[in-house]
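Breakdown of the fold
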Amino acid sequence: MKLLRLAALPLALSACLTACSGGNTGEENITPLPVAVTNDRPVDQLTDSGELRVPVTRMGTSLNPLSADAAPEFDQMRRAFLPTLFSVTPTGEIAPNPDFLAKAEVTSAPGEATVVTLELNPDATWGDGSPVTPDDLTATWRACNGQNAENHCREDLGLDRIRDIVAVSPTEASVSYTEADPDWTEPLTKAGIVRASSVETPETFNNGWTDEVRKEWVSGPYAPKKIDRDKNVISMSRNDDWWGKGPALERLTVVERDDAELTSSFEKNDVDVLDAGM
């Protein structure tokens, strides 16, 4: 299965519409082009098997999404095995990811410091069957809100914009920001949720995610099965305990490749994805 994202396609088509037309009649006849052209298909129309091998130029020394030792380039692949609260729609809008977040509602008045009520999906569980709870969300925030200097946190998370998180019920949390924040989804989107026990001490936060992601820390449609640090390869397979719509692909494999190797790796069928923007 080969996927090639042609980032320059709209530009190329635009050039062709002007330079490759039959001739210049002096009249403008320009058809607006979409931002991107994709060949989307419903999951039930896809073959229920197969493997997708995805290259990244840096995997990072930690798989902890909050860690400064993690590679931001790997963030999209981390969504396969860790909770994500928000997704980007095809039209570019930010919307709750229903697999983990049933509802997100701003409850503060305009101009006041932003307060948001989050209702987690009660079906969402960790790899050992324990539910994903507001306590996990609170632990994620506390790990990197700037109050724990021993945790080696990424600087781009923005969790310091949140003043407090309070569990209202086993599935509901109230998130209070330090000020009116029109982009309040941003820190929640970047950080997602990690299990409280996976960041409960600086030792676990900094070193516990290096060579494994424990089963009880996993929550997503896939689960890491093998992490080969010598070859920088991570192999994932379907999560048998996944409560959402099952993925069509049987396996996901992430491989680290140098920038200079990406095109040749794709041509040799060593990887299945080539980002034209790389």
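In case you missed it, the structure is sitting above this.
Just so we're clear, the structure is a prediction, and the values are computed from it rather than from any experiment. (Residues numbered from 1 in each chain as written. Predicted model: local features only at pLDDT ≥ 70, side-chain atom pairs only at ≥ 80, totals over all residues. Heavy atoms only, no water.)

Let's shift gears to the state of the cysteines. One pass over the structure, following the stated rule, counts 1 disulfide. Shown here is the disulfide that connects C144 with C153, its sulfur atoms set 2.1 Å apart. Between C144 and C153, the S-S dihedral sits near -90°, and the bridge is therefore left-handed. Each of the two residues, C144 as well as C153, counts as buried. (Disulfide = S-S within 2.5 Å. Buried < 20%, exposed > 50% of the residue type's maximum accessible area, 1.4 Å probe, protein only.)

So, on to the pairing of strand 6 (residues 115-120). Pairing of strand 5 (residues 101-106) with strand 6 involves 5 bridges; the strand directions are antiparallel. In the sheet register, E105 faces strand 6, and the bridge partner there is T117. As judged from the 5 bridges shared by strand 6 and strand 8 (residues 172-177), these two strands associate in the antiparallel manner. Across the sheet, E119 pairs through a bridge with E172, a residue of strand 8. (Pairing = 2+ DSSP bridges. Helix = DSSP H or I, 4+ residues; strand = E, 2+ residues; numbered from the N terminus.)

For the rest of this paragraph, the subject is the sheet that holds strand 6. On the basis of which strands lie adjacent, the open sheet formed by 4 strands has the order 5-6-8-7 and antiparallel pairing. The outermost strands of the open sheet, each flanked by one partner alone, are strand 5 and strand 7 (162-167). Shown here is a sheet whose adjacent strand axes are inclined to one another by a mean of 20°, direction ignored. Along the sheet face, helix 3 (residues 134-143) touches strand 6, strand 7 and strand 8 and points at about 160° away from the line of strand 7. (Axes fitted to C-alpha atoms, helices over the stretch in contact; angles between N-to-C directions. Contact = heavy atoms within 4.5 Å.)

With that settled, consider the packing of aromatic side chains. According to the stated counting rule, one finds 5 aromatic pairs in the structure shown. For the pair F100 and W242, a centre-to-centre distance of 6.0 Å together with 50° between the ring planes defines the contact as tilted. Remark: W242 occurs in the loop between strand 10 (233-238) and strand 11 (251-256) and F100 occurs in the loop between strand 4 (94-96) and strand 5; sequence separation between them is 142 residues. This pair shows no difference in class: F100 is buried, exactly as W242 is. Through successive ring pairs, a cluster of aromatic residues spans F100, W242 and W243. (Phe/Tyr/Trp six-rings, centres within 6.5 Å; stacked < 30°, edge-to-face > 60°.)

What follows is about the pattern of salt bridges. Between side chains of opposite charge, a pair can form as their charged atoms come close. Inspection of the entire model under this criterion finds 13 salt bridges. Notably, a salt bridge pairs D181 with R161, separated by 3.0 Å at the nearest N-O pair. Here D181, found in the loop between strand 8 and helix 4 (185-191), pairs with R161, found in the loop between helix 3 and strand 7; they are 20 residues apart in sequence, far enough to count as distant. Across the salt bridge formed by K190 and E186, the nearest N and O atoms sit 3.9 Å from each other. With K190 and E186 both in helix 4, this residue pair falls 4 residues apart, about one helical turn. Take K190: its relative accessible area is 34%, and that puts it in the partly exposed class. Each of D75, R78, R154 and D156 takes part in a single network of salt bridges with overlapping partners. (Salt bridge = Lys/Arg side-chain N within 4 Å of Asp/Glu carboxyl O.)

Counting 55 residues, the largest nonpolar core has L66, F74, L85, L137, L188 and M236 as the members making the most contacts within it. Ranked by residues supplied to this core, first place goes to helix 3 with 4 residues. Contact partners of L66, with chain neighbours within four places excluded, come to T140, A143, C144, H152, C153, R154, L157, A191, V194, V199 and F205. By size, the runner-up hydrophobic cluster in this structure holds 6 residues, among which are V233, L262, V271 and L274. (Core = buried A, V, L, I, M, F, W, Y, C linked by side-chain atoms within 4.5 Å.)

Relative to the helices and strands, T253 is located in strand 11. A relative accessible area of 9% means that T253 is categorised as buried. Among all residues touching T253, those that are not within four sequence positions of it are E51, L52, R53, V54, V233, I234 and S235.

Let's shift gears to the sheet that holds strand 2 (residues 51-56). If you trace the 4 strands from one edge of the open sheet to the other, you get 2-11-10-9, paired in mixed fashion. At either end of the open sheet lies a strand with only one pairing partner, and these are strand 2 and strand 9 (222-228). Pairwise comparison of adjacent strand axes, ignoring direction, gives a mean angle of 20° for this sheet. The pairing of strand 10 with strand 11 spans 5 bridges and is classified as antiparallel. In the strand pairing of strand 11, I234 is matched with V254.

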